[in-house]
Every structure is written in C-alpha cells, then in structure tokens.
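Below, each chain spelled out in residue letters.
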Amino acid sequence: MAFEQVIGQREAKERLLQLVDEGRLPHALMLCGPTGSGKMALAIGFAKTLLSRTPNDEAMLRQLEHPDLHFTYPTIKLPSMNTDHKPVSDDFAKEWHELVMRGPYFTMNEWLEQMGGENQQAIITAGESDDLTHKLSLKSSQGGYKVSLIWLPERMNIECANKMLKLLEEPPSQTVFILVCEDPDRLLETIRSRVQRIDIKKISNEDIEQALISERGLSEEMARRVARMANGSWLKVLEMLSADSENELFLDLFQSLMRLAYQRKVKDLKAWSESLAAMGRERQKRFLEYFLRLIRENFMYNFQQEELCYMTQREEDFARNFARFINEANVLPITELAQTAIRDIGQNANAKIVFFDFALQMIVLLIQK
C-alpha cells in the first residue's frame, strides 16, 4: 500500500493516481498546504506508486532505499566541515533516513535536532543542486522513473534556486520532481510557473478521529477532543499524544506565570524569567506561541460555547477558574505583549530582560477589567 501512512486526504490521493492513470503526469508537481496536513506522506506514497514495478522495488521502497528515489532537504553546516564546503543532503543521509523511517509527519525543529543544529538556519545550498543534477543525469537504475523528492524547496538559496530552475526547464529523461512546500510565495515565480501545484487541505476531524480510534486505541470522546484541538494537523495530534510533550512543560510555565503575577511575587517571577531564558531561542518562541493559544482559548472559554474552545482536559481544568481574568480589557494588550516578545527573541534580544519585563507587565494586565 503506497499511501498506507497518509491520514485522510482521499481527494488528494485520488487526484495523484488519476494523473498516472490518464497519462497526464507532469514532470514536476508541488504539494502545498499547512503544516501537519500530510504533504510528505502523500509525496512519499506517490513516489512509491511511480517506482513500484517489481517485488524487489517494493522491498526497497519499504525501507526508502530505492536507488531511483532521491531526497533533497535543507541542511546545516557542521563545525567539522571545511569552510569552503557547501553542505548537501548526502552529508546527512543517515540522519534523514532515521527520521523519515519513524514516520512522514515531522517538523523542521525535529529535523534540526536530528542533524544536531537546533539553533541553526537550515537551507538548501547550490552544492545540492549540483549534486542532484549529477544524480539525475544517470540512467534509471531499475529502468523506470527517477523521482526527485524535494522537502521545503522555499529554503533554497538564490544560487541553488537558479540552478534548480534550469533542471525544471530541461528535466532529465523519465524524471519526476515532487516538491513539498509550505510557503510557496518564497519560491521564485519562474519555479512556481514550471510546476503543477496541488493544494493539500487540512485533515478532516472525522479522518483524525477514525485514525485515533483504529490506530491509537483512543475512546470516541478522547478522539473527538484531540481531533478538535489538532485543527487538521496530524503533527498536533502526535504532539498531544507524546508522553514527554513539551506542551506539558509549557502549561506548567503558563500556570506558574499567571499565579505568580496575580500574587505579585516579583522575586519568584524573576526566577521564572530566568528559567525561560535558559532554554534555546526556538523553544522560547514555541512557548510564546503556546502562551498566545492559551490566552485565546481562555478568552473564548468565557462565552461557554464548547465548539469555540480547543483545549486538553488539563488546560480546561485550569481555565475553569482562570478564564475570567482574560477579558475584553486585556486580551489584546496581552496578545500584543507576547507578539512583541516573539519579535524580540527572534532578533536576539537578551532573553532574561525580555521575559522579566514580560512577567512584570502581566502583573498589571491581569488586574484590568
């Protein structure tokens, strides 16, 4: 089953298969859609469909080790690399294979951690386009298609993008490019014009519920709650199901901040801010994004309409007594405060100062009515 790891997305699967059945397969496809919708799962499933001709092909594809399947993905530069070396996907082939074999639903943060560069910016270099050009110039190993699967092509630097454009303009024989993209506006317009774009929607709540019940053994009530909170993203589902999810830590931090701010314990708030400052910047930004979500959910909780709220049971238990403190007078100032903190952290401001100021301002904002 080529698409066995895809959650839902029947319409997208049928459209991809129809291209093959009707002999209308373009040389380049671009799957676009929100994070967690299953673009990579669909891309891998479709690549398997194109390459699976014999039992031997199927055996290699189960391990994602088919010689005619070429993965391209953003990479980082390690300290051990020469200064003039342009990192390429093959430099991290082992790490990539381990990540993808765990499942086709993963984030850039997970990939950065897998490479050992959580605080770096991953890009696709010009060295990658040169390497790919060489690979695709060779004949198909198995006599069928060659598939180039490019994850996050919007992370190509300009030199790489220009070289990739030439590949798309003059594609090697029997080659299909599958681009998996989350931010197509960052791609060169000339590249976008040379691919057939397929927009992938969020996964339906019904499909998520069904997968949670049949594959994860959740009760119908729990599956319904998780599906609503996931908002069409299987990555959100995995995050919520993870036993060591950092969301548990973030909820503890959120609760501590609100309790200490309400009690005006400045010394304890300083310790709180220092604990946040000790985390990496990417995790700090993720906490602030989580903070923004809980502010919104607590505000909406006051309207007592279940369909408007998306919280875990533990988050809802806290909201039951806390939500009344988030109201029309302070919800926008608190939101702006968090957005400013995200901006400052992204610009490498001193995290201790940012979070202590953040905590002190919460004292004032929580008493507004």
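Structural data are supplied above this passage.
Scope of this entry: the structure provided in the associated data block. (Residues numbered from 1 in each chain as written. Predicted model: local features only at pLDDT ≥ 70, side-chain atom pairs only at ≥ 80, totals over all residues. Heavy atoms only, no water.)

### Things to note about the overall build of the protein
Each helix and strand counted, the protein has 17 helices and five strands in total. For the protein, the C-alpha atoms occupy an extent of roughly 70 × 50 × 35 Å along the three principal directions. Counting all 369 residues of the protein, 50% fall into the buried class. Across the protein, the fraction of contacts at a sequence separation of at least 24, relative to all contacts at a separation of at least 6, is 73%. Of the roughly 18300 Å² of accessible surface on the protein, 48% is carried by carbon and sulfur atoms. In the protein, which carries 46 positive and 54 negative side-chain charges, the distance between the mean positions of the two groups comes to 3 Å. (Helix = DSSP H or I, 4+ residues; strand = E, 2+ residues; numbered from the N terminus. Buried < 20%, exposed > 50% of the residue type's maximum accessible area, 1.4 Å probe, protein only. Contact = heavy atoms within 4.5 Å. Areas by Shrake-Rupley, 256 points an atom, 1.4 Å probe, with all protein chains shown as cover. Lys, Arg positive; Asp, Glu negative; His and termini not counted. Charge placed at Lys NZ, Arg CZ, Asp CG, Glu CD.)

### Regarding the packing of helix 12 (residues 246-263) against helix 13 (residues 266-277)
Geometrically, a packed helix pair is captured by the angle between its two axes and the distance between the axes. In contact at an axis separation of 10 Å, helix 12 and helix 13 are set at 155° when each is read in the N-to-C sense. For the element pair helix 12 / helix 13, the angle class is roughly antiparallel. At the point where helix 12 passes helix 13, the crossing takes the left-handed sense. Contacts between helix 12 and helix 13 pair Leu 253, Ser 256, Leu 257, Leu 260 and Ala 261 from the former with Asp 268, Leu 269, Trp 272, Ser 275 and Leu 276 from the latter. (Axes fitted to C-alpha atoms, helices over the stretch in contact; angles between N-to-C directions. Parallel < 35°, antiparallel > 145°, perpendicular 65-115°, else oblique. Left-handed = near helix turned anticlockwise from the far one by under 90°.)

### Describing the environment of Leu 99
If you trace the backbone, Leu 99 turns up in helix 4 (residues 93-102). Separated by 170 residues in sequence, Leu 99 and Leu 269 have C-alpha atoms that sit 38 Å apart. If near-sequence neighbours (up to four positions away) are discounted, Leu 99 is found in contact with Phe 106, Trp 111 and Gln 114.

### Some details on the packing of helix 13 against helix 17 (residues 351-366)
Across the interface, helix 13 lies against helix 17 with an axial gap of 8 Å and an inter-helix angle of 140°. With respect to helix 17, the axis of helix 13 lies oblique. Handedness of the crossing formed by helix 13 with helix 17: right-handed. Where helix 13 approaches helix 17, its residues Val 266, Leu 269, Lys 270, Trp 272, Ser 273, Leu 276 and Ala 277 are matched on the opposing element by Ala 351, Lys 352, Phe 355, Phe 356, Phe 358, Ala 359, Leu 360 and Ile 363. When grouped by side-chain class, the residues that make up the contact of helix 13 with helix 17 number twelve nonpolar, one polar and two charged. (Nonpolar A, V, L, I, M, F, W, Y, C, P; charged D, E, K, R; others polar.)

The quantities given are spatial measurements derived from coordinates; they are silent on function.
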